[in-house]
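For reference, the chains in residue letters:
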Amino acid sequence: MTTTAVTHIASLVTNDPSLGNGTPLGLIHDAAVVIDGDRIVWTGESSKAPATDNVLDAAGRAVVPGFVDSHSHLVFAGDRTEEFNARMSGQPYRAGGIRTTVAATRAASDDDLSANVARYLAEALRQGTTTFETKSGYGLTVEDEARALRIAGRHTEEVTYLGAHIVSPDYADDPAGYVDLVTGPMLDACAPHARWIDVFCEQGAFDGDQARAILTAGRAKGLHPRIHANQLSYGPGVQLAVELDAASADHCTHLTDADVDALAQGNTVATLLPGAEFSTRAEWPDARRLLDAGATVALSTDCNPGSSFTSSVPFCIALAVRDMGMTPDEAIWAATAGGAAALRRTDVGRIAPGARADLVLLDAPSHVHLAYRPGVPLVSAVWRRGERVV
């Protein structure tokens, strides 16, 4: 294997306070990074960089860890342009719109679905995303959920079983029967292809008791819980997530003081998805409240065709800084180390010896420009597992 040094980095975000200025970002100025194979083996001041086989001069630009997008829904067909247009014309967002995507996804071929996943992941990679999670949830039959997970597994190891996205239209008059299916034959077929289990705990989807039954059944099959919680209304989702030691409670828009306290005291990451609020004109999550309480916060795209059709983590960073009370430092941490925490990963989301060599070179001198220059394509180069891919 050859070694590569990226030198003369104006500002390097390591997310390791011991390596840099003592802040959570562990910033190093006039820095260098050395890559050996697929791993980071050295970081420090550029003038002290060891000799390597190859050298790339960052020329005074910033380097940040590859973004970790811990919440997406990429196995789908079609889009919901008409629904979005109607919503922007005054109609409210409701969970039931998922049924439109379910019909299109069931009708699509495996090749078409896989090509869609690859397309959106390539789009995300160009914007700096090097680790991503994606879910099933647009099949809602045993066969369609299992094939969605098989397809997802071709593209990422972070695969989530979301048979409990909504009650399948086939069981509209028998939601209890659908829960039995999700926790029985569907789970049996899907568990071998997933790492995680998720449920949409919300009015119009699954209540607290149903969500507990689904997540508990998944955990018994070796899947770790995560949950769509408190997006459209106050509810039991966050408390259930902490109770079951879910890796993340995602959305967290409507929180009581008890919800915030539970997240601050537990191991569950609050994953905020500002693309959804942007695309539905909904109330923004209060990131400041969560951070001040001591909760761990992640930022992700929620890329899906209905309520957040964006693959851009930089866009979500800008929204979080502008509308959710986060500082630029907090937002970049949440989109990298925070996403890694939401996936219970220690090998990504940071630039430190031993970590996977996932780096993003920005065409800017500081990570702050991701919020300072919203909508500008600042990603100049991307390395994933030590290989330059952009």
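Refer to the preceding data block for the structure.
Residues numbered from 1 in each chain as written. Predicted model: local features only at pLDDT ≥ 70, side-chain atom pairs only at ≥ 80, totals over all residues. Heavy atoms only, no water.

Remarks on the environment of S311
Spelled out, the test is: Helix numbering and strand numbering both begin at the N terminus, where a helix is a DSSP run of H or I of at least 4 residues and a strand a DSSP run of E of at least 2. Residue exposure (1.4 Å probe, protein chains only): buried if accessible area is under 20% of the type maximum, exposed if over 50%, otherwise partly exposed. Whether two residues touch is decided by their heavy atoms; if any such pair falls within 4.5 Å, the residues are in contact. Distance and chemistry together define a polar contact, namely a pair of N or O atoms within 3.5 Å, with one atom able to donate a hydrogen and the other to accept it when in protein, and with adjacent residues in sequence counting only for side-chain atoms on both sides.
Turning to its location among the elements, S311 is positioned in the loop between β14 (297-299) and α12 (313-323). Using a relative accessible area of 5% as the deciding quantity, one classes S311 as buried. A C-alpha to C-alpha distance of 8.7 Å links S311 and T129, two positions 182 residues apart in sequence. In this structure, S311 is in contact with Y120, E123, A124, Q127, T129, T301 and C303, ignoring residues within four places of it in sequence. Polar side-chain contacts of S311 include one of 2.6 Å to the side chain of E123.

A short note on empty space enclosed by the protein
Once rolled over the atoms, a probe with the size of a water molecule shows which space is left empty. The criterion, for reference: Both cavities and pockets are sets of points on a 1 Å grid over the protein atoms alone; in a cavity a 1.4 Å probe fits but cannot get out, in a pocket the set is open with protein on both sides within 12 Å along at least five of seven lines, and lining residues sit with an atom within 4 Å of a point. Grid points are joined across faces, edges and corners, and a volume is the space filled by probe spheres set on the points. Residues are grouped as follows: nonpolar covers Ala, Val, Leu, Ile, Met, Phe, Trp, Tyr, Cys and Pro; charged covers Asp, Glu, Lys and Arg; every other residue, Gly included, is treated as polar.
Applying the stated criterion across every chain yields a total of two cavities of 30 Å³ or more. Estimated volume of the largest cavity: approximately 100 Å³. Grouping the amino acids of the lining of the largest cavity by side-chain chemistry returns four nonpolar, eight polar and two charged. Each pocket or cavity is described by its volume, and for the second largest cavity that value is around 60 Å³. Lining the second largest cavity are D69, S72, L74, Y120, L121, A124, T129, F132, E133, T301, C303 and S311. Listing elements by their share of the lining of the second largest cavity, those giving two or more residues are α3 (110-126) and β7 (129-135).

Quick word on the pattern of salt bridges
Basically, it comes down to this: Definition used for salt bridges: Asp or Glu carboxyl oxygen within 4 Å of a side-chain nitrogen of Lys or Arg.
According to the stated counting rule, one finds 24 salt bridges in the structure shown. Note that R87 is salt-bridged to E83, the shortest N-O span being 3.0 Å. In this pair, R87 and E83 both sit in helix α1 (residues 81-88), four residues apart, roughly one turn of the helix. By relative accessible area, R87 is classed as buried at 4%. On the basis of relative accessibility, which here comes to 22%, the residue E83 falls in the partly exposed class. Close ionic contact of D245 with R344 constitutes a salt bridge, the shortest N to O distance being 3.0 Å. In this pair, D245 sits in the loop between α8 (237-243) and β12 (248-251) while R344 sits in the loop between α13 (328-342) and β15 (359-362), placing the two residues 99 residues apart along the sequence.

Brief notes about the pairing of β12
Where a strand is regular, its side chains alternate between the two sheet faces. The condition is simple: A strand pair is defined by DSSP finding two or more bridges across the two strands. Clockwise travel from the first strand over the helix to the second, with the strands pointing away from the viewer, marks a crossover as right-handed.
Pairing of strand β11 (residues 227-229) with β12, which is carried by three bridges, proceeds in the parallel orientation. Counterpart to H228 in the pairing with β12 is D250. In terms of handedness, the path from β11 via α8 over to β12 forms a crossover that is right-handed. Relative to strand β13 (residues 269-272), β12 is paired through three bridges, and the arrangement is parallel. Residue pairing for β13: A249 is matched across the bridge by A270. Regarding the hand of the β-α-β motif, the stretch spanning β12, helix α9 (residues 257-265) and β13 is right-handed.

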